[in-house]
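A look at the structure
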Amino acid sequence: MGKRSIVFIIFVSVVVIILLTAGGYILFKVLDKREYPDIDVKFPGSSYEGFDRSMDENADLMRIGVINRSMSDGLVSEYLFLPFSTTERQLSRSERVLFSDQVELLSFMAERKDRKAYESLIEKINASFTYTENNGFSVNSGIRYCRVLLEGYSVFDNIKYYDMANSLQKKLYPLCSVDKIPPPELSIIIPADTPTPDFEATPTPKPAADATPEQADIRDELNAVDISEVDLYALSLLCELDPVWNDVYENSLDVISKSILYHPGVFYNEAYYPDSNGYAAFVSEAAYFDMERQLMIALHLAEADAFPETAYSFYKENLLNHRAFYTGYAVLTGAPYTSAESIISYACMARLARIKGDRSTYDFCIDRIFWNTATSYTSKIFGLTFIEYPDGNIKADSTDSILALKALY
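Now for a quick tour of the structure. Keep in mind the model is a prediction, meaning the values are calculated, not measured.

Our focus in this paragraph is the packing of helix H10 (residues 309-322) against helix H11 (residues 343-356). The geometry of H10 relative to H11 is characterised by a closest axis approach of 12 Å and an angle of 130° between their N-to-C directions. The angle between H10 and H11 places the two elements in the oblique class. For the element pair H10 and H11, the recorded crossing hand is left-handed. Contacts between H10 and H11 involve Glu309, Tyr312, Tyr315, Lys316 and Leu319 from the former and Tyr346, Met349, Leu352, Ala353 and Lys356 from the latter.

Here's what the structure looks like:
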């Protein structure tokens, strides 16, 4: 047999092996895929038909800022801090990394279809955070993580993410099945001199962290569900994984929809007591609505196609009348309670505006985000959103910047 014949046989053999290997892999994928349903994952509030500001220079600078400044060892730090100084500000980094921040950034990567970044971050998350019933991230954060895993499964067609979401939801469901809503993760202290918590009568609940159980002026400590943390769209995706979640989704939607208030404006109760089927209008120490919670509730309802037009009109009117969203609004009057602007509120409202197709409101919110972004090339928090406090200290909160990114792109 000649050399040419031998080379030809070797060539044909290699081609056959490659074809058989590829064919076997494809067959395996087809057969294996039959066990995994097609999850209809959407990205409510994401950009469409150029409805974004991703081409703005500040948008790119913010993305780079989050990656190069907010991240350390592959995870997002909770915040960067610049103390006031008459000479030179020394930048410090929070040693804490919040699970919720990592998940939001992961969702941004899925929405952008950035496979490499998504895979890298998910490895870091899985190496740094674990979940058990007694030790780990919160149930609501776990449900949110399931949503983002299913986003990855849908976008990147990787069954590993489906398996991870399915495994986690089995641990989370027993904790949600008791009251058919994610369990209470918020403690509210009721002072002894206030009546039974009828929040229409404006008592003053106090966070447990600001009081001790031994204090004589504490009448009760109530466990409450933080309504702003309940991700309705995530629950709807879990229903596709396992129908047992249907009751949790339906009841959660009902509880949140009924939390609406019409005085002094279209606000939402911020907490829910499963034991008494009652609501708390606010969870802060003082009597004001937390605008970040309000807009997060609104966005979750809108993602479930359950946010009333009257409520959207109210928030839009509030924004345009005051030319800003502030962090708090008085429970009795609905007037701004604080002078600090809320970047998270702008980010949520921007995505709401995209859901509603409201370009002018969207652009207004993005402009306010950019107004609160460090744009000086010499700044140590260049590209990041920030808050400057009355004492001159500056904080660049990672949650603000990540949610702003999700509004920009």
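Enumeration according to the criterion identifies 21 salt bridges in this entry. The shortest N-O distance in the salt bridge between arginine 147 and glutamate 151 comes to 3.3 Å. Residue arginine 147 and its partner glutamate 151 are both found in helix H5 (residues 139-156); the two are separated by 4 residues, about one turn of the helix. Each member of the pair arginine 147 and glutamate 151 is classed as buried. A salt bridge links aspartate 254 to lysine 258; the shortest N-O distance between them is 3.2 Å. Through salt bridges that share partners, Glu104, Arg144, Arg147, Glu151, Asp231, Glu303 and Lys406 make up one connected network.

For the rest of this paragraph, the subject is the layout of surface pockets. Taken as a whole, the largest pocket spans an internal volume of roughly 1,400 Å³. Lining of the largest pocket is provided by 43 residues; of these, Glu229, Glu292, Met296, Ile344 and Thr399 occupy positions nearest its centre. When contributions to the lining of the largest pocket are tallied by element, the ones reaching two or more residues are helix H3 (99-111), H5, strand E10 (288-290), helix H9 (291-303), H11 and helix H13 (398-408). Of all the elements, H9 adds the most residues to the lining of the largest pocket, at 6 residues. Here the lining of the largest pocket is built from residues that sort into 15 nonpolar, 11 polar and 17 charged.

Attention now goes to the nonpolar core. Tyr118, Trp245, Phe307 and Tyr315 are the most contacted members of the largest nonpolar core, which has 117 residues in total. With 9 residues, the single largest contributor to this core is H5. In this view, tyrosine 118 contacts Leu106, Met109, Ala110, Val148, Leu149, Gly152, Phe156 and Tyr161; residues no more than four positions away in its chain are not counted. With 9 residues, the next largest nonpolar core counts Leu186, Ile190, Leu222 and Tyr273 among its residues.

Reading across from one edge, E4-E3-E13-E12 is the order of the 4 strands in this open sheet, with antiparallel pairing throughout. The open sheet terminates on both sides in strands that have one partner only, identified here as strand E4 (92-93) and strand E12 (387-388). Where strand E3 (residues 79-82) meets E4, 2 bridges bridge the pair, whose relative direction is antiparallel. Among the inter-strand pairings, phenylalanine 81 is bridged to a residue of E4, identified as serine 92. Docked against the sheet, H13 engages E3, E12 and strand E13 (394-397), running at close to 50° with respect to E13.

Here we come to the side chain of arginine 147. Judged by its relative accessible area of 5%, arginine 147 is buried. Side chain to side chain, arginine 147 and aspartate 231 meet in a polar contact 3.0 Å long.

So, about the pairing of E13. Pairing analysis gives 4 bridges linking E3 to E13, with the strands arranged antiparallel. Across the sheet, the residue bridging to leucine 80 is alanine 396, located in E13. Summarising the sheet, E12 and E13 pair through 2 bridges and their orientation is antiparallel. The partner of glutamate 388 across the bridge, within E13, is isoleucine 394. Counted along the chain from E12 to the antiparallel partner E13, the turn is 5 residues long, and its residue glycine 392 has a positive phi close to 95°.

Further remarks concern the packing of aromatic side chains. For any two aromatic rings, the description comes down to two numbers: the centre-to-centre distance and the angle of the planes. Counted under the stated rule, the structure contains 21 aromatic pairs. Aromatic pair phenylalanine 267 and tyrosine 329: ring centres 6.5 Å apart, planes at 40°, arrangement tilted. Taken together, the positions of phenylalanine 267 in the loop between helix H8 (246-257) and strand E8 (271-273) and tyrosine 329 in strand E11 (residues 328-330) put the pair 62 residues apart, joining distant regions of the chain. You'll find phenylalanine 267 and tyrosine 329 in the same group, each marked buried. Taken together, the ring pairs connect Phe267, Phe289, Phe307, Phe314, Tyr315, Tyr326 and Tyr329 into an aromatic cluster. One residue, lysine 395, lies across the ring of tyrosine 79, its end atom 4.8 Å from the ring centre.

With that settled, the discussion passes to the packing of H3 against H13. Running from N to C, H3 and H13 point in directions that differ by 20°, and their axes come no closer than 10 Å. Here H13 runs roughly parallel to H3, going by the angle between their axes. Between H3 and H13 lies a crossing of left-handed hand. Note on element contacts: H13 touches H3 through Ser398, Thr399, Ile402, Leu403, Leu405 and Lys406, opposite Asp101, Glu104, Leu105, Ser107, Phe108 and Glu111. Here the residues of the contact of H3 with H13 are counted per class, giving 5 nonpolar, 3 polar and 4 charged.

For the rest of this paragraph, the subject is the environment of serine 77. Inspection of the secondary structure puts serine 77 in the loop between strand E2 (75-76) and E3. With 16 residues separating them along the chain, serine 77 and arginine 93 place their C-alpha atoms 7.0 Å apart. Ignoring any residue separated from it by four or fewer positions in sequence, one finds serine 77 in contact with Ser70, Ser72, Arg93, Ser94, Arg96, Val97, Asp101 and Ser398.

Calculation criteria
- Residues numbered from 1 in each chain as written.
- Predicted model: local features only at pLDDT ≥ 70, side-chain atom pairs only at ≥ 80, totals over all residues.
- Heavy atoms only, no water.
- Axes fitted to C-alpha atoms, helices over the stretch in contact; angles between N-to-C directions.
- Helix = DSSP H or I, 4+ residues; strand = E, 2+ residues; numbered from the N terminus.
- Parallel < 35°, antiparallel > 145°, perpendicular 65-115°, else oblique.
- Left-handed = near helix turned anticlockwise from the far one by under 90°.
- Contact = heavy atoms within 4.5 Å.
- Salt bridge = Lys/Arg side-chain N within 4 Å of Asp/Glu carboxyl O.
- Buried < 20%, exposed > 50% of the residue type's maximum accessible area, 1.4 Å probe, protein only.
- 1 Å grid on protein atoms, 1.4 Å probe; cavity = no way out; pocket = protein on both sides within 12 Å on 5 of 7 lines; lining within 4 Å.
- Points joined across faces, edges and corners; volume = space filled by probe spheres on them.
- Nonpolar A, V, L, I, M, F, W, Y, C, P; charged D, E, K, R; others polar.
- Core = buried A, V, L, I, M, F, W, Y, C linked by side-chain atoms within 4.5 Å.
- Pairing = 2+ DSSP bridges.
- Polar contact = N/O pair within 3.5 Å; in protein donor to acceptor, adjacent residues only side chain to side chain.
- Phe/Tyr/Trp six-rings, centres within 6.5 Å; stacked < 30°, edge-to-face > 60°.
- Lys NZ or Arg CZ within 6 Å of the ring centre and 35° of its normal.

So yeah, pure geometry; function would need other evidence.
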